[in-house]
Amino acid sequence: MSDRSTTICPYPASGRSSLGVRKRVLVTGGAGFMGSHLCERLIAEGDEVLCVDNFFTSGRQNIEHLIGQKRFELMRHDVTFPLYVEVDEIYNLACPASPIHYQHDPVQTTKTSVHGAINLLGLAKRLRCPIMQASTSEVYGDPRIHPQPESYWGNVNPIGPRSCYDEGKRCAETLFFDYRRQHGMPVKVARIFNTYGPRMHPNDGRVVSNFIVQALRGEAITIYGDGSQTRSFCFVDDMIDGFRRLMATPDDFTGPVNIGNPREFTIRQLADLVIEMVGSTSSLVHKPLPENDPLQRQPDITLARDALGWQPTTALEEGLKRTIAYFDRLLSSVP
Ligand SMILES: NC(=O)c1ccc[n+]([C@@H]2O[C@H](COP(=O)([O-])OP(=O)(O)OC[C@H]3O[C@@H](n4cnc5c(N)ncnc54)[C@H](O)[C@@H]3O)[C@@H](O)[C@H]2O)c1
């Protein structure tokens, strides 16, 4: 099935993608937070999905509603090992994404990014199919320029506790562009900025999920530092829309392209908003900033606007409402 124009479709035309040809799409990390939303979107658009995950930071619950659907297939597999499957498109999302998770086994984190990229690029090369890498704003490290355009090379500590993730992702980008130069492959690199939404892990220490869970439990909200550091938050539906648009670009568009919400909030503002929306009585407690935690991060999305016609459309209040509703259901289902 390496030639997309000749994909054989065993199902009726009603379920076909907008191209009229059903695609078989591989999503690695497909059971994770963003991966599960991507799988859902692809199925809704008429594609077949092969979801590959080793469940390191996720469980079947994120994709439970898809299991049993005839266009969805789940495979437990670790991307640090080669994968032999037949697909028409690849999204490579497999990687622990939050500091708690990626620092748990830093060597495995680097292996997942680097060996994972090698294995999936090898697969894409054999199949001659497009492949998108879920890269990250962490490739900019603690940036010296603000907001960050894609042309900025970053300010990354190569030997710190975050390096397994940051440098792993940077090396994966290198591999994507070397495969492009060496083998002419249609690669796409998305530099993802902070994304939030339903199905985030409740205990992974990421700021949005942390604040919401603490507020719902009526616990004190933990702010690292004085809360004046800023972040921008992109709702997951907008992010998935960005992925789809990036994958639909012509083969000569590779990125890297920043995908994220340029609207900045201080961590303190986020905490206040969450407390207000949850209607919580939580107080605020301050703890020291973790090592190498960037003080400011904001995407320059000019390229995404121009090349993908993309910009986020979900306001923080709306995204938080849906995320709070998700965590509320989740926490009330736990005895
Ligand atoms: N969420 C964000 O704000 C954000 C920001 C920048 C980049 N990203 C990137 O987007 C991707 C998805 O992130 P997420 O937030 O959905 O995280 P997540 O932890 O929910 O999802 C990652 C998935 O990858 C799986 N995985 C980890 N190691 C694997 C391996 N060796 N083999 C197979 N599967 C493996 C996990 O089990 C999980 O299901 C990651 O690559 C992450 O680095 C996320």
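Residues numbered from 1 in each chain as written. Predicted model: local features only at pLDDT ≥ 70, side-chain atom pairs only at ≥ 80, totals over all residues. Heavy atoms only, no water.

Participant: Honestly, the state of the cysteines in this entry has me stumped. Any pointers?
Facilitator: By definition, a disulfide is the covalent link that joins the sulfur atoms of two cysteine residues. Considering all chains together, one arrives at zero disulfides under this definition. Here Cys-95 stays unpaired: no disulfide links it, and the sulfur of Cys-164, its closest cysteine neighbor, is 8.3 Å away. The thiol of Cys-234 is not disulfide-bonded; the next cysteine sulfur, from Cys-39, is found 18 Å away. (Disulfide = S-S within 2.5 Å.)

Participant: Can you help me understand the nonpolar core in this one?
Facilitator: Soluble, globular proteins show a tendency: their nonpolar side chains are buried together. In this structure, Tyr-91, Phe-243 and Leu-320 are the most contacted members of the largest nonpolar core, which totals 58 residues. Beyond its immediate sequence surroundings of up to four residues, Leu-320 is in contact with Tyr-196, Val-208, Ile-212, Leu-270, Leu-273, Val-274 and Met-277. Grouped together as the second largest cluster of nonpolar side chains are 26 residues, Leu-50, Val-79, Leu-123 and Leu-175 included. (Core = buried A, V, L, I, M, F, W, Y, C linked by side-chain atoms within 4.5 Å. Buried < 20%, exposed > 50% of the residue type's maximum accessible area, 1.4 Å probe, protein only. Contact = heavy atoms within 4.5 Å.)

Participant: Even after reading the chapter, I still don't get the sheet that holds strand β3 (residues 72–76), so can you show me in this structure?
Facilitator: Paired through their backbone hydrogen bonds, the strands of a sheet run either parallel or antiparallel. A sheet is described by the order of its strands in space; here seven strands give the open sequence β3-β2-β1-β4-β5-β6-β11, paired in parallel fashion. What marks the edges here is a single partner per strand, and that holds for β3 and β11 (257–259). Taken over all neighbouring pairs, the strand axes of this sheet differ in orientation by 20 degrees on average, direction set aside. As paired elements, strand β1 (residues 24–28) and strand β4 (residues 89–92) share four bridges and run parallel to each other. Counted as the bridge partner of Thr-28 is Asn-92 from β4. Running at roughly 170 degrees to β1, helix α1 (residues 33–44) makes contact with β1, β2 (48–53), β3, β4 and β6 (187–192) of the sheet. Sitting on the sheet, helix α3 (residues 106–127) touches β1, β4, β5 (131–136) and β6, and the angle it makes with β4 is about 170 degrees. (Pairing = 2+ DSSP bridges. Helix = DSSP H or I, 4+ residues; strand = E, 2+ residues; numbered from the N terminus. Axes fitted to C-alpha atoms, helices over the stretch in contact; angles between N-to-C directions.)

Participant: Help me understand the side chain of Thr-323, please; the structure alone is not making it clear to me.
Facilitator: Relative to the helices and strands, Thr-323 resides in helix α9 (residues 316–333). Sequence-distant contacts of Thr-323, defined by excluding residues within four places in its chain, comprise Tyr-196, Gly-197, Pro-198, Ile-212 and Phe-235.

Participant: Could you clarify how one ought to interpret the environment of Val-49 in this entry?
Facilitator: With respect to the helices and strands, the residue Val-49 is situated in strand β2. Residue class for Val-49 comes out buried when judged on its relative accessible area of 1%. As for Val-49 and Arg-71, which are separated by 22 residues in sequence, their C-alpha atoms are 6.2 Å apart. With residues up to four places along the chain from it excluded, the contact list for Val-49 reads Val-25, Val-27, Cys-39, Leu-42, Ile-43, Arg-71, Phe-72 and Glu-73.

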